[in-house]
Amino acid sequence: MKFIRTLSKLAAASLVVASGWAISIPAASAHPGPRHHDYIMKKPIAGVRNNYWYDYKSDVLEAENELRKDLRRAKTQQDRREAWAEYNRELIDARKDYRK
């Protein structure tokens, strides 16, 4: 009887682990969000919110949306690398434009 209870606990634990993997796999391929990027500015320079700041935020959101779409369509590891490279280039460009 003790063996059956232990076995059922193991089965329950493996279901939890399996369901955790099923949940985490799509999350791993999805975009991690801006909190994972040190080079995305969280606050405007000198606290000034103007059209340049809002243009920067718009560019970042557009880059994130494009990355999400590119990752969804990616078939190979190379496609994913290219999507991330393009995303990083767009973020760098947005920051350069904002700092001008």
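Residues numbered from 1 in each chain as written. Predicted model: local features only at pLDDT ≥ 70, side-chain atom pairs only at ≥ 80, totals over all residues. Heavy atoms only, no water.

Side note on the packing of aromatic side chains
Okay, step 1: Tallied over the full model, the rule gives 4 aromatic pairs.
Okay, step 2: When the centroid spacing of 5.7 Å and the interplanar angle of 90 degrees are considered together, the rings of Trp84 and Tyr87 count as edge-to-face. Here the residue Trp84 and the residue Tyr87 both occupy positions in helix 3 (residues 77-99), the gap between them amounting to 3 residues, near one helical turn.
Okay, step 3: Take Tyr87: its relative accessible area is 1%, and that puts it in the buried class.
Okay, step 4: Ring-pair connections join several aromatic residues into one group, and the members of that group are Trp53, Tyr56 and Tyr98. (Phe/Tyr/Trp six-rings, centres within 6.5 Å; stacked < 30°, edge-to-face > 60°. Helix = DSSP H or I, 4+ residues; strand = E, 2+ residues; numbered from the N terminus. Buried < 20%, exposed > 50% of the residue type's maximum accessible area, 1.4 Å probe, protein only.)

Topic: the environment of Val60
Okay, step 1: Along the polypeptide, Val60 turns up in helix 2 (residues 51-73).
Okay, step 2: With 34 residues separating them along the chain, Val60 and Ala94 place their C-alpha atoms 7.0 Å apart.

What to know about unusual backbone geometry
Okay, step 1: The backbone of Ala46 sits at a positive phi, close to 60 degrees, despite the residue not being glycine.
Okay, step 2: Summarising the element assignment, Ala46 is placed in the loop between helix 1 (2-29) and helix 2.

Some thoughts on the confidence of the model for the protein chain
Reading predicted coordinates in detail is not appropriate for stretches of low pLDDT.
Okay, step 1: Mean pLDDT over the protein chain: 76, with 62% of residues reaching 70 or higher.
Okay, step 2: Helix 1 is the least confidently modelled element of the protein chain, averaging 46 in pLDDT, while helix 2 averages 95, the highest of any element.
Okay, step 3: Here residues 10-29 is a poorly scored stretch, pLDDT under 50, and it has 1 contact once near neighbours within four places are set aside; other chains count. (pLDDT = per-residue confidence, 0-100. Contact = heavy atoms within 4.5 Å.)

Some words on the pattern of salt bridges
Okay, step 1: Taken as a whole and assessed by the stated rule, the structure comprises 2 salt bridges.
Okay, step 2: Put simply, Arg73 and Asp70 hold a salt bridge, and the shortest N to O gap is 3.4 Å. Of the two residues, Arg73 and Asp70 are both situated in helix 2; the distance of 3 residues between them amounts to about one turn of the helix.
Okay, step 3: The exposure class of Asp70 is buried, given its relative accessible area of 17%.
Okay, step 4: Here Lys100 and Asp97 are joined by a salt bridge, their closest N and O atoms 4.0 Å apart.
Okay, step 5: Since its relative accessible area comes to 81%, Lys100 is described here as exposed. (Salt bridge = Lys/Arg side-chain N within 4 Å of Asp/Glu carboxyl O.)

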